[in-house]
Each structure stands twice: as structure tokens, then as C-alpha cells.
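Listed below, chain by chain, are the residues.
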Amino acid sequence: MSEICMKVKSITAKEIFRRFPEVKLKLWGGNFWTSGYYANTVGQYGNKDVIKKYIENQGKEVKYQKVYDGQLTLFDD
């Protein structure tokens, strides 16, 4: 997943800078994307509101909370 995200971010940034070179001048350090990425499935715990909230809080310190106790585990404790 991380390799796909890196490639998508690289390609889209290059294309944006090619089409709109003035954008690069307005960015701190000239970087279009941050170093991280967010990936989730759409469903009960990963819907458009969750993704929207994540995007709105980019760059802010966010405390994460556990939203689901029924997570399967790989190993028994």
C-alpha cells in the first residue's frame, strides 16, 4: 500500500507542478504532499465522515480513540 501511495503522490505532484508552476512557490519547502498517507476501507468505521474529519485535522495534533472493541487478533494473549 505504501508504495502505491508514494507513486500516486509523486505522479500527481509532478503533474500539478507542470501544469501550475506557481503552486510550488506558495508551498513551504516546495512539497505538495506531507510524508504520510491515510488508507481505510469504507464501511461502518471508515466512512466519508471519518475520512473528511481526518483531512480537516491534517497537521493538527489529534488524539486517537479506540472506536471498536471487536478487532480480531492474530495471536491469542
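All figures in this text were calculated on a predicted structure; none of them were measured in a lab.

### Focus: the confidence of the model for the chain
Residue-level pLDDT values for the chain average 78, and 74% of them are 70 or greater. Within the chain, the element-level pLDDT minimum falls on helix H3 (residues 48-56), averaging 82, and the maximum on helix H1 (residues 2-19), averaging 90.

### Details of H1
Taking 1.5 Å as the rise per residue, H1 with 18 residues should run 26 Å; its terminal C-alpha atoms sit 26 Å apart, in good agreement. Along H1, the residues that are buried comprise Cys5, Lys9, Ala13 and Phe17. Down the axis of H1, the buried set is contained in an arc of 85°. They therefore lie on one face. Exposed side of H1, more than 90 degrees from the buried face: Ile4, Ile11, Lys14, Arg18 and Arg19 are the residues found there. Residues of H1 that are buried sit in contact with helix H2 (22-25).

### Remarks on the environment of Tyr54
Turning to its location among the elements, Tyr54 is positioned in helix H3. Taking the C-alpha atoms as reference, Tyr54 lies 8.3 Å from Tyr38; in sequence the two are 16 residues apart.

Conventions we followed
Residues numbered from 1 in each chain as written. Predicted model: local features only at pLDDT ≥ 70, side-chain atom pairs only at ≥ 80, totals over all residues. Heavy atoms only, no water. pLDDT = per-residue confidence, 0-100. Helix = DSSP H or I, 4+ residues; strand = E, 2+ residues; numbered from the N terminus. Expected span 1.5 Å × (residues − 1). Buried < 20%, exposed > 50% of the residue type's maximum accessible area, 1.4 Å probe, protein only. Arc of directions from axis to C-beta. Contact = heavy atoms within 4.5 Å.

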